[in-house]
Structure formats: structure tokens, C-alpha cells
Amino acid sequence: MSTVIYWFRNDLRLEDNPAFKEACLAATHLLPIYIHSDSSDDPTSWGFPRFANHSRKFLQQSLQDLRHQLVAQGSTLLELNGKPAKVFEWLKEQLPFEYIYCEQIQAPEEISQVDAIKGLGFNIRQFWQSSMIDPKDLPFDLQEMPDVFTKFRQEIERNGLSHSEPIVSPKHIPSLPLVDIETKAREGSSATQVNPLFNGGELSALAHISQYFERRLPDTYKQTRNQLIGMDYSSKFSPWLAFGCCSARTITQKLKKYESIYGANDGTYWLWFELLWRDYFRFLHFKYGKQLYYSGGLTGKAPNTFDEKRFQKWSSGCTGNDFIDAGMRELQQTGFLSNRMRQVVASYWIYDMKGDWRAGAAWFESQLVDYDVYSNQGNWLYIAGRGTDPRGGRPFNVRKQVQDHDPDGVYRTKWLTAP
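What counts as what
- Residues numbered from 1 in each chain as written.
- Predicted model: local features only at pLDDT ≥ 70, side-chain atom pairs only at ≥ 80, totals over all residues.
- Heavy atoms only, no water.
- Helix = DSSP H or I, 4+ residues; strand = E, 2+ residues; numbered from the N terminus.
- Rg over C-alpha atoms; globule rule 2.2 N^0.38 Å.
- Buried < 20%, exposed > 50% of the residue type's maximum accessible area, 1.4 Å probe, protein only.
- Contact = heavy atoms within 4.5 Å.
- Areas by Shrake-Rupley, 256 points an atom, 1.4 Å probe, with all protein chains shown as cover.
- Pairing = 2+ DSSP bridges.
- Axes fitted to C-alpha atoms, helices over the stretch in contact; angles between N-to-C directions.
- Core = buried A, V, L, I, M, F, W, Y, C linked by side-chain atoms within 4.5 Å.
- Salt bridge = Lys/Arg side-chain N within 4 Å of Asp/Glu carboxyl O.
- Expected span 1.5 Å × (residues − 1).
- Phe/Tyr/Trp six-rings, centres within 6.5 Å; stacked < 30°, edge-to-face > 60°.
- Lys NZ or Arg CZ within 6 Å of the ring centre and 35° of its normal.
- Parallel < 35°, antiparallel > 145°, perpendicular 65-115°, else oblique.
- Nonpolar A, V, L, I, M, F, W, Y, C, P; charged D, E, K, R; others polar.
- pLDDT = per-residue confidence, 0-100.

Participant: So what's going on with the overall build of the chain? Residues and values would help.
Facilitator: Broken down by element type, the chain carries 17 helices and 5 strands. A compact globule built from 419 residues should have a C-alpha radius of gyration of about 22 Å, and the chain, at 22 Å, falls within 12% of that. Referenced to the eigenvectors of the C-alpha coordinate spread, the extents of the chain come out at roughly 65 × 50 × 45 Å. By residue count, 58% of the 419 residues in the chain fall in the buried class. Taking all contacts inside the chain whose residues are at least 6 apart in sequence as the whole, residues at least 24 apart take part in 79%. Just so you have it, the chain exposes about 18300 Å², and 48% of that area is on carbon and sulfur atoms.

Participant: Break down the environment of Gly296 for me, with residues and values.
Facilitator: Summarising the element assignment, Gly296 is placed in the loop between helix H10 (266-288) and helix H11 (308-316). The exposure class of Gly296 is buried, given its relative accessible area of 5%. Remark: the alpha-carbon pair of Gly296 and Arg358, spanning 62 residues in sequence, is separated by 9.6 Å. If near-sequence neighbours (up to four positions away) are discounted, Gly296 is found in contact with Lys301 and Arg386.

Participant: I'd like a description of the sheet that holds strand S1 (residues 3-8), backed by residues and values.
Facilitator: The strand order across the open sheet formed by 5 strands is S3-S2-S1-S4-S5, and the pairing between neighbours is parallel. Either end of the sheet is taken by a strand with one partner, and the two such strands are strand S3 (78-81) and strand S5 (124-127). The average angle at which neighbouring strand axes cross in this sheet is 30 degrees, direction not considered. Here strand S4 (residues 99-103) pairs with S5 via 4 bridges, running parallel. What sits directly across from Glu103, in S5, is Phe127. Most of the contacts of helix H1 (residues 18-26) go to S4, to which it runs at about 160 degrees, and overall it touches S1, strand S2 (29-36), S4 and S5.

Participant: Which residues make up the nonpolar core, and what are the values?
Facilitator: The biggest cluster of nonpolar side chains holds 107 residues, and the ones touching the most others in it are Phe8 and Trp314. With near-sequence residues (within four places) excluded, Phe8 lies in contact with Arg13, Leu14, Asn17, Phe20, Pro32, Ile33, Tyr34, Leu66, Leu70 and Leu77. Leu80, Ala85, Leu91 and Val114 belong to the second largest nonpolar core, which has 19 residues in total.

Participant: Give me unusual backbone geometry: which residues, what numbers.
Facilitator: Positioned with a positive phi, Arg216 is a non-glycine residue whose angle comes to about 60 degrees. Locating Arg216 in the fold gives a position in the loop between helix H6 (202-214) and helix H7 (221-224). In this structure, Lys236 is a non-glycine residue whose phi angle is positive, near 60 degrees. You can see Lys236 is positioned in the loop between H7 and helix H8 (238-242).

Participant: Explain the side chain of Arg153 to me, and be specific about the residues and the numbers.
Facilitator: If you trace the backbone, Arg153 turns up in helix H5 (residues 149-158). Setting aside residues no more than four positions away along its own chain, Arg153 makes contact with Tyr269, Phe273 and Leu276.

Participant: Can you explain the pattern of salt bridges? Please cite residues and give values.
Facilitator: The tally for this structure, following the rule as stated, stands at 21 salt bridges. Measuring nitrogen to oxygen at the nearest pair gives 3.8 Å for the salt bridge that ties Glu89 to Lys86. Note that Glu89 and Lys86 are positioned in helix H3 (residues 84-94) at a spacing of 3 residues, about one turn of the helix. Its relative accessible area of 32% is what places Glu89 among the partly exposed residues. Among the charged side chains, a salt-bridge network with shared partners connects Arg50, Glu109 and Glu365.

Participant: Residues and numbers for helix H13 (residues 339-352), please.
Facilitator: Taking 1.5 Å per residue, 14 residues should reach 20 Å; H13 reaches 19 Å between its end C-alpha atoms and fits that length. Within H13, 11 of the 14 residues are buried, which leaves it mostly tucked inside the rest of the structure. Regarding H13, the residues found buried are Arg340, Met341, Arg342, Gln343, Val344, Val345, Ala346, Ser347, Tyr348, Trp349 and Ile350. Elements that come into contact with the buried residues of H13 comprise H11, helix H12 (322-334), helix H14 (357-367), helix H15 (373-384), helix H16 (398-405) and helix H17 (410-416). Once H13 ends, the next one or two residues include Lys354, with phi positive near 55 degrees.

Participant: Explain the packing of aromatic side chains to me, using residue names and the numbers behind them.
Facilitator: What describes a pair of aromatic rings is the distance from one ring centre to the other and the angle between the planes of the rings. Tallying each qualifying case throughout the model produces 47 aromatic pairs. Clustering of aromatic rings is evident, with ring pairs tying together Phe140, Phe149, Phe152, Tyr269, Trp270, Trp272, Phe273, Trp277, Tyr280, Phe281, Phe283 and Tyr382. Here Arg9 stacks its cationic end above the ring of Trp7, 4.3 Å away from the centre of that ring. Its guanidinium or amino end placed over the ring of Tyr99, Arg125 lies 4.0 Å from that ring's centre, counting from NZ or CZ.

Participant: Could you give an account of the packing of H12 against H14, naming the residues involved and the relevant values?
Facilitator: The N-to-C vectors of H12 and H14 enclose an angle of 40 degrees; their axes lie 9 Å apart at closest approach. Relative to H14, the element H12 is oriented oblique. On H14, the residues that touch Met328, Leu331 and Gln332 of H12 are Trp363, Phe364 and Gln367. Looking at side-chain class alone, the contact of H12 with H14 contains 4 nonpolar, 2 polar and no charged residues.

Participant: Run through the confidence of the model for the chain, naming residues and quoting values.
Facilitator: Taken residue by residue, the chain gives an average pLDDT of 93. The fraction at 70 or more is 95%. The low-confidence segment residues 183-194, where pLDDT is below 50, has 27 contacts with residues more than four positions distant or belonging to other chains.

Structure, rendered in C-alpha cells:
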């Protein structure tokens, strides 16, 4: 008889979840849990809440969806609150269990959480499962991966890699342990207010992916990806990917099937290309780890000083530059921003306002509904010139960006006049 705890982290799905499937195969009794960490309620060192309402609502919806799926198969999802190590100590008092299974997250805070759990003597088994390509399939060791994305991509393509195959969900979920511990657990969340752009959860993710391909939107992806307004200019997969409501492998499998039916084109290639960027930022964490979180990043170059008044103007959309202000107000109101605008407003904060890139990265973490630790850190390092990019920074000319992407002022009007 083996009792196993499955700890859902950023993998809130049943399809293509190798860690959960392995837990099901290993367990006689299985208890699925999710831990709301105390640190999510802490203010950042910059003085604002770490997470705003957009991501909280999406998380609530995603957990609710996951719970419904588990209940339909005779299980459930227990939500607990606190530091993960303390939660597992409390669980051990209520329920003898042999193993903890979970997703591997290769970022400093998440690594320290697992280290603390191991330090208490718990047996924890982690599985890497958030990338499009499995690290075992790469043509190089992660410690020796090319630093520059172009060389990384060329190595991938030279070896004919596109993605690793997803796995099917477990046929059977083991029964719950015969111990009642729900009375001491946090009650399940209910999403009472829907995010204006996205509904969280695996079922919503799979529906969105299917519709995206059925409407043949990949064909125009390259032409439209830098637009600023609407749902169809980009894939909008990112919120569900960030919370693990779907996997990159599932998306790429559908993309390859789509190409087999309709043919490959610039749009389908560019969609895969962007998913490869996502993998690249993940794999850099295996090579550089905590160095990516130093104030100077990989370069050691000191950041700009932090000025609270300047930051308040930037974050609230009151800089006096109408293009930047429109972007920052969209971010606050919706929790989303196009990739183009993310780059432009980040560049403006670093190079025009002389702001500390780390404060900008923390603001994106707070506001974005699709916040992803790897991509957020990687992109801010890229813009700030403190990552692996040999150009040493990516300042944007705001006037040119306006001419290229909002010459008629429609985007600015939309967000500067919004209530």
C-alpha cells in the first residue's frame, strides 16, 4: 500500500502531465493538493503587491476547473495555504505518506521550496515537463548549450527537432486516502469574476487551442503578431501555458498536424519559433541559475537607480508619452499586453526613464495574467542587456514604434480614453 501526495504547481492539467501520470502509477492512494504560498501575499521590495487580481482570478478559475475534472474521476483537489515545507509537515501529522510527486521548476524560489522540503526528510520526486522539447532530446548538454538564441535554434533545426511527444492522461486516478483532512484545509476557491480576456482552466485552454487552429489563424501569425489590438493578432496561448493548463508539447503536436493537412508556411514556422524562445529561456536556467537574478544579470553591470516617483509615473501610465501611457494602462486594466508593447514599455523604463530593470520585471510579475518566471526574467535581461544577447541591450525608438504600429492613434485612443 503506497500513499502519495501529488503537489500541483504550474501544471494545472491532466493531459500531458508526466509527473501526475507517474504518481498515479506509483500510488495505491493519491491525494492531489495545491499550495497557496504565503509569499504570494507579500509586498515586493519595490512597495507594491506581488500579484494583482488578474492572475489571482485566472488561478482560481484554473483550480476550479482542475478540481471538477478530478472529482469526475473520483478524486478531488485540496487547497492549502502556507510555506510548502510547513504544509507537508502538517499533512504528515494527518496522513502518513511515502512520496511527494511534483513538477520540476528550475527557478531560485521554487528550487529553495523543494530544498526545504527535502531538508525535512521528505521523499520528493520531480519531473521536468514545461518545455516543448524534452532536455533529454537536445543535441547538447544543457550546461553547454549555446548562449545566443540564433545558435541555439540552428542546432535544434540542424538535428531535425521540433518537439517531444505529449503523453495521454492517466486512465485511472488512485482513490483518495481514507483519512478526512479537508476540515483543516483551505476551502476550494470559486471564481466570481471572469477575467475580461481569458478564462482559466484546462478545458478553456484546449477549447481555445482548437478554435485557433480551426480558424486557420496560424497562417497569418507572422503578419499579425506585432499588432496591438484584438484577440486574433497573436495566439494568446500564454496565460494557459503560464499556469500549465496546457503544455507546449500539446500545442506543437496540433501545429504539426495542422501543417500536415494545410502545409507549412511562414506563420506556422513563426509560431513554433516563438515557442522555441520559450524553451530557450527555460533551458538558460539550467545553465546559469541564480546568476540570472543578480542585479547585473550575467554581465555584472550595475542597474540604474530606483526612483519611486519615476516608477509611479511609468507604472500608472502617467509618463506624458501617450504611447507608453496607453500600454501601461492596458496592462493595469487587463493584465495583458502584446509582445511588441511589452518590449517598448520595458525599453522606455530602462533607457528613457533610467529605471532599474528589476523593478520593471517585478511590476510585470505583479500585473501579467500570463506571468512566467522564465520568460519574464529572460525578456527583461534581454532588453536590459544583462543576459546572453551579444548586442548588449535592446533600446526601442518610441517614435518609430508609433509610426510602425499605431500611426492612426487607434491604440492610444482606446486606452487613454478608457474608463
